[in-house]
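Reading the structure
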Amino acid sequence: MKVESGKTNLLGMTLEQLQELCATEGFPRFTAKQLCDWLYRKRVDSIDAMTNLSLAQRARLNEMAYIGHDFPANCQLSRDGTKKYLFPVLDGQYIEAVYIPDDDRATLCVSCQVGCKMGCRFCVTGQQGFHGNLAAGDILNQLFAIPEFELLTNVVFMGMGEPMDNLDAVLAATRVLTAPWGLGWSPKRITVSTVGILPGLRRFLDESQCHLAVSLHNPVAPERQQMMPVQKAYPLADVLALLRQYDWSGQRRLSFEYTMFRGLNDDLGHAAKLVDALRGLDCRVNLIRFHESPEAPFKTSMPTAIKTFQDYLNRNGIVCTLRASRGQDIDAACGLLAGKNKTS
Ligand code: SF4
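Remember, it's a predicted structure, so these values are computed and weren't measured experimentally.

Attention now moves to the overall build of the protein. Along its length, the protein carries 13 helices and 14 strands. Computed over the C-alpha atoms, the radius of gyration of the protein is 21 Å, within 12% of the 20 Å expected from 2.2 N^0.38 for a compact globule of 344 residues. By its C-alpha atoms, the protein is 70 × 45 × 40 Å across when sized along the principal axes. Taken across its 344 residues, the protein has 56% of its residues classed as buried. Considering only intrachain contacts with a sequence separation of at least 6, the fraction spanning at least 24 residues in the protein is 67%. By element, 51% of the accessible surface of the protein is carried by carbon and sulfur atoms, the whole surface being about 14800 Å². Treating the 37 positive side-chain charges of the protein as one cloud and the 36 negative ones as another, the clouds have centres 3 Å apart.

With that settled, the discussion passes to the site of the ligand. Around the ligand, the structure places nine residues, and the nearest of them are Cys116, Cys120, Cys123, Gly126 and Gly161. Residue composition of the shell around the ligand, by class: six nonpolar, three polar and no charged.

Moving on: the domain arrangement of the protein. Here the protein is described as being made up of domain 1 (8–66) and domain 2 (74–330). Put simply, the middle of domain 1 and the middle of domain 2, counted by C-alpha atoms, are 34 Å apart. Opposite the twelve residues of domain 1 that make contact, domain 2 presents 14 residues. When the two sides are added together, the surface that domain 1 and domain 2 hide from each other amounts to roughly 1100 Å², 64% of it contributed by carbon and sulfur. On the domain 1 side of the contact with domain 2, Leu11, Tyr40 and Arg43 bury the most area, a combined 46% of that side's loss. Viewed at the interface, domain 2 and domain 1 are joined by two salt bridges. As a salt-bridge pair, Glu150 and Arg43 come within 2.8 Å of each other at their nearest N and O atoms. Seen at the junction of domain 1 and domain 2, the total is four residue pairs in polar contact (both at pLDDT 80 or more).

For the rest of this paragraph, the subject is the state of the cysteines. Here the structure, examined in full by the defined rule, presents zero disulfides. Its sulfur unpaired, Cys75 is 15 Å from the next cysteine sulfur, which belongs to Cys109. This cysteine, Cys283, is not joined by any disulfide, and Cys320 carries the nearest cysteine sulfur, 10 Å off.

Moving on, we come to the environment of Ala49. With respect to the element layout, Ala49 can be found in the loop between α2 (30–41) and α3 (55–64). Between the C-alpha atom of Ala49 and that of Gly92, which follows or precedes it by 43 residues, the distance is 31 Å. In this structure Ala49 touches Trp38 and Val44, once residues within four positions along its chain are discounted.

Turning to the pairing of strand β4 (residues 83–88), a few remarks are in order. The sheet contact formed by strand β3 (residues 74–77) and β4 spans four bridges and is antiparallel. Note on β4: the bridge partner recorded for Leu77 is Lys83. If you look at the hairpin formed by β4 and strand β5 (residues 94–101), you'll find five residues sitting between the two strands, and Asp91 has a positive phi there, around 60°.

Okay, the packing of aromatic side chains next. Per the counting criterion, the structure on display carries seven aromatic pairs. Judged by centre distance (5.3 Å) and plane angle (55°), the rings of Phe261 and Phe298 are tilted. Taken together, the residues Phe261 in the loop between β12 (254–260) and α11 (268–278) and Phe298 in the loop between β13 (284–289) and α12 (303–315) connect sequence positions 37 residues apart. Judged by relative accessible area, Phe298 falls into the buried class, the value being 8%. Taking the centre distance of 6.3 Å and the plane angle of 85° together, the rings of Phe290 and Phe298 count as edge-to-face. With relative accessibility at 8%, the residue Phe290 sits in the buried group. Put simply, the rings of Phe122, Phe261, Phe290 and Phe298 pair up and form one aromatic cluster. Lying over the aromatic face of Trp38, Lys42 brings its terminal NZ or CZ to 4.4 Å of the ring centre. Over the ring of Phe130 we find Lys117; its NZ or CZ atom is 4.7 Å from the centre of that ring.

Remark: helix α6 (residues 167–178) packs on helix α7 (residues 198–207), axes separated minimally by 11 Å, with the N-to-C direction vectors making an angle of 20°. In terms of their interaxial angle, α6 and α7 are classed as roughly parallel. Between α6 and α7 the crossing geometry is right-handed. Facing α6, whose interface residues are Leu167, Asp168 and Leu171, α7 presents Gly200, Arg203, Phe204 and Glu207. Among the residues making up the contact of α6 with α7, the classes are represented as three nonpolar, one polar and three charged.

All right, on to α3 then. Within α3, the full set of buried residues consists of Gln57, Arg58, Leu61 and Met64. For α3, the buried positions fall inside an angular range of 140° around the axis, keeping them on one side. Seen from the open side of α3, the exposed residues pointing more than 90 degrees away from its buried face are Leu55, Ala56 and Glu63. Where α3 is buried, its residues meet β1 (8–9), α1 (15–25), α2 and β2 (65–66).

Checked against the element boundaries, Glu148 lands in the loop between α5 (136–144) and β9 (154–157). Filtering out sequence-adjacent residues up to four positions away, Glu148 remains in contact with Lys83, Tyr85 and Tyr99.

Reading the values: the criteria
Residues numbered from 1 in each chain as written. Predicted model: local features only at pLDDT ≥ 70, side-chain atom pairs only at ≥ 80, totals over all residues. Heavy atoms only, no water. Helix = DSSP H or I, 4+ residues; strand = E, 2+ residues; numbered from the N terminus. Rg over C-alpha atoms; globule rule 2.2 N^0.38 Å. Buried < 20%, exposed > 50% of the residue type's maximum accessible area, 1.4 Å probe, protein only. Contact = heavy atoms within 4.5 Å. Areas by Shrake-Rupley, 256 points an atom, 1.4 Å probe, with all protein chains shown as cover. Lys, Arg positive; Asp, Glu negative; His and termini not counted. Charge placed at Lys NZ, Arg CZ, Asp CG, Glu CD. Near = heavy atom within 4 Å. Nonpolar A, V, L, I, M, F, W, Y, C, P; charged D, E, K, R; others polar. Domains from an automatic or database assignment. Buried area = accessible area lost by both parts, 1.4 Å probe. Salt bridge = Lys/Arg side-chain N within 4 Å of Asp/Glu carboxyl O. Polar contact = N/O pair within 3.5 Å; in protein donor to acceptor, adjacent residues only side chain to side chain. Disulfide = S-S within 2.5 Å. Pairing = 2+ DSSP bridges. Phe/Tyr/Trp six-rings, centres within 6.5 Å; stacked < 30°, edge-to-face > 60°. Lys NZ or Arg CZ within 6 Å of the ring centre and 35° of its normal. Axes fitted to C-alpha atoms, helices over the stretch in contact; angles between N-to-C directions. Parallel < 35°, antiparallel > 145°, perpendicular 65-115°, else oblique. Left-handed = near helix turned anticlockwise from the far one by under 90°. Arc of directions from axis to C-beta.

Put into C-alpha cells, the structure is as follows:
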C-alpha cells in the first residue's frame, strides 16, 4: 500500500474527518465536500487534479497529504473468470482481493488485515499470523485499483483478516461506499463477515446496515473450538443470543457460512444441531465446499454428504444454498495466493 511518511492519506477519510482537516487548515467547510467529490466520485489519484481547489490549497494539501492509490502487483486469472489481485503491503507481505464475476453480478472479496489473529485451523491466512491492520484507504484501494471497478455490484469483506478486529477501518470504508457524499451504494450491496467477536459485532450491528455473514462451521461448541479458537472467548451461543436481539426481517440480511469438512461437521447429526441452534432466526445458511490445500489437514465433504445436509436444512425451514467453488486453479482459498507470494 502506498504510504508517504509524515503525510495523511486522504483516501478513506470520511466527510467528517475531511471537515476536521479543513477546519485545522483554515479551509472553508465546503472544501471537505469538494474533496469527497474528487476522492470518491471522480477518484483522482493526485491532489493537483482537484482543479476547483485554489492553488494555495492544493500546495498545502500536497505538503501534508497524499492520495493512497496503489496498483496491484500481480493478477491471476482463473479458467472460470475469477481474478485474484495481489497488493503489496509493508515488509514484503501481500494482501489479496478476489474479483468474482457471475451471470448478473460482479463481486469483489476484499481483505481488511494483513494476516489474521483468529487462527482458524482450516485457513491459510490464519496459519500465517497477524502482521497489521489495513486502513480504510487500503481497503477502498482494492476496489478503486482494479480495472473492473465500474462493473462491481457487490463487495464482501471475506478476504484476509477479521473485520470486527479492525472495525474502525471497516466501518469507515463502508461509510465511504454507502454515504451520499461517497459512492452512494445501497448497504445491501455489502456483506461483512465475522467469526463472532462480540464487542465489535455489537457495534457493527448498531452502526451499520450492511449485510452480516457469520462464520459458523460447526454447531457443537467443543468441536467448533478445535477448529476456531475464537469459540473459547466468544462462544457461538453468545453470538446467536446477540443476533436474536436484532430484527432480520427487513433489508439487512443475516447469513451463516458453513464450510463442509469430510467426517468433521457434515453428517445429519450436525445438520440437526445446526437447525436447533438457528431456530427462530430469520437467516440463511451458505454451505461452502472446502478448498483443500497442502497447508490444511482437512478434506472436503463428499458431494452426496453436502446434498443430504443441504436438503435436511431446507426441509427444516432454513434456506440453505451451496456456494459455487470459484477460482480453484488460482488458489482461491482465503490467503493462499498471498501466502505463496510472501517474501519474508
Ligand atoms: Fe482469520 Fe477468517 Fe482465516 Fe479465521 S477464516 S483465520 S477469521 S481470515
